[in-house]
Amino acid sequence: IIRTALSLHGPALKSGALTLGFNLSAQTLSDPQLWDFVDAVIAETGAPHSGIGFEITETAAVTNFAAAEQFVGKARERRCRVSLDDFGAGMSSFEYLRRFPVDTIKIDGSFIEHIADSRFDREIVSAISGIARSLGCSVVAEKIEAQDALDILADMGIDFGQGFLLHRPEPLQAIVARACATRASATQAGVTQAGVTRASKARASAPAPAGRRA
């Protein structure tokens, strides 16, 4: 999956139009050869490390912590993003957070879907958010499906969110096509604006004709 995705969408990653994230199973993350494989695919496809992210599912039972820690460390060294997914859903949340130097914590949707009615859920989300910020991690709230939940999360200062209220799932090809089109339009607008600015400066700095005052 990683090789196919990076081969197909490497140009879009290089342009900065989008980033790609990959969920890693516990079995995959426990493979000591995982980073060597990923790094080789990145070199083969020319995809930028900074455009690639990996999500560690908190409910997965990692069996080889040494291999997992090695993968996360090398991925971070090469500027790949690493996230803890479904944080709070299992018993290993804080153990994973202690052992893996991640960029992002994604709060499990079970704490989000009833947040408007549950003080307990609000306190849990607030606590996780506070811990994440103290560690320099960004926070994503999962399963946002109602406006009141979004408003509460915004008041809490949650960085990012995902869920049906914000965007419905769609084929990756459609997302890539739209992202590339948006990037191309923005780039063209920037080129046009730069051209206008350069032309204006050229006119402003041109010497006045002889016999006239500038």
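In this text the structure is predicted, and so the values were computed from the model without any measurement.

What follows covers the nonpolar core. Within the largest apolar cluster, 51 residues are counted, with the highest numbers of intra-cluster contacts made by Leu6, Phe54, Phe71 and Phe100. The contacts of Phe54, once residues within four sequence positions are left out, are Ile2, Phe22, Leu24, Val38, Phe71, Cys80, Arg81, Val82 and Ser83.

Looking now at the packing of helix α6 (residues 119-134) against helix α7 (residues 147-156). Running from amino to carboxyl end, α6 crosses α7 at an angle of 40°, the nearest separation of the two axes being 11 Å. Crossing of α6 over α7 shows right-handed handedness. Within the contact between the two elements, α6 uses Arg122, Val125, Ser126 and Arg133 and α7 uses Ile152, Leu153 and Met156.

A few words now on the pairing of strand β1 (residues 20-24). Both faces of the sheet carry side chains from a regular strand, because those side chains alternate between them. Side chains Leu20, Phe22 and Leu24 project from β1 onto a buried face, and the interleaved Gly21 and Asn23 project onto a face without burial. Judged from the 5 bridges that link them, β1 and strand β2 (residues 52-57) form a sheet pairing that is parallel. If you follow Asn23 over to β2, its bridge partner there is Glu55.

Below, the discussion takes up the environment of Pro32. Examined against the element boundaries, Pro32 turns out to sit in the loop between α2 (26-29) and α3 (34-45). Placed 38 residues apart in sequence, Pro32 and Gln70 show a C-alpha to C-alpha distance of 7.9 Å. Among residues more than four places away in sequence, those in contact with Pro32 are Asn64, Ala67 and Gln70.

This part takes up α3. With 12 residues, α3 should reach 16 Å at 1.5 Å per residue; the first-to-last C-alpha distance of 17 Å fits that figure. Residues of α3 that are buried include every one of Leu34, Trp35, Val38, Val41, Ile42 and Thr45, and no others. Along the axis of α3, the buried residues cluster in a sector spanning 130°; they form a single face. The exposed residues of α3 that point more than 90 degrees off its buried face are Ala43 and Glu44. Where α3 is buried, its residues touch α1 (2-15), β1, α2, β2 and α4 (65-77). Positive backbone phi, approximately 75°, marks Gly46, located one or two places after α3.

What follows deals with the side chain of Thr57. Tracing the backbone shows Thr57 in strand β2. Those residues in contact with Thr57 that sit more than four places away from it in its chain are Asn23, Leu24, Asp85, Asp86 and Tyr96.

Below, the discussion takes up the pattern of salt bridges. Taken as a whole and assessed by the stated rule, the structure comprises 11 salt bridges. In this structure, Glu69 and Arg99 form a salt bridge, with 3.2 Å as the shortest nitrogen-oxygen distance. Here Glu69 is found in helix α4, whereas its partner Arg99 is found in helix α5 (residues 93-99), with 30 residues between them in sequence. For Arg178, the salt bridge identified is with Glu170, shortest N-O distance 2.8 Å. For Arg178, a relative accessible area of 42% translates into the label partly exposed. Judged by relative accessible area, which is 26%, Glu170 ranks as partly exposed. Salt bridges linked by common partners bring Glu69, Glu95, Arg98 and Arg99 together as one network.

What follows is about the packing of α3 against α4. At a minimum axis separation of 9 Å, α3 and α4 run at an interaxial angle of 30°. Judged on the interaxial angle alone, α4 and α3 are roughly parallel. Within the contact between the two elements, α3 uses Leu34, Trp35 and Val38 and α4 uses Phe71, Lys74 and Ala75.

Another point: the pairing of strand β5 (residues 138-141). Burial of β5 is two-sided: the residues Ser138 and Val140 facing one way and the residues Val139 and Ala141 facing the other way are all buried. Here strand β4 (residues 104-107) pairs with β5 via 4 bridges, running parallel. The residue bridging Lys106 from the neighbouring strand is Val140, located in β5. Read from β4 through α6 to β5, the crossover connection turns out right-handed. One ladder, built from 2 bridges, connects β5 with strand β6 (residues 160-161); its direction is parallel. Along β6, the bridge assignment pairs Val140 with Phe160. Assessed by its sense of winding, the connection that carries the chain from β5 through α7 to β6 is right-handed.

Conventions adopted
Residues numbered from 1 in each chain as written. Predicted model: local features only at pLDDT ≥ 70, side-chain atom pairs only at ≥ 80, totals over all residues. Heavy atoms only, no water. Core = buried A, V, L, I, M, F, W, Y, C linked by side-chain atoms within 4.5 Å. Buried < 20%, exposed > 50% of the residue type's maximum accessible area, 1.4 Å probe, protein only. Contact = heavy atoms within 4.5 Å. Axes fitted to C-alpha atoms, helices over the stretch in contact; angles between N-to-C directions. Helix = DSSP H or I, 4+ residues; strand = E, 2+ residues; numbered from the N terminus. Left-handed = near helix turned anticlockwise from the far one by under 90°. Pairing = 2+ DSSP bridges. Expected span 1.5 Å × (residues − 1). Arc of directions from axis to C-beta. Salt bridge = Lys/Arg side-chain N within 4 Å of Asp/Glu carboxyl O. Parallel < 35°, antiparallel > 145°, perpendicular 65-115°, else oblique. Right-handed = clockwise from strand over helix to strand, strands pointing away.

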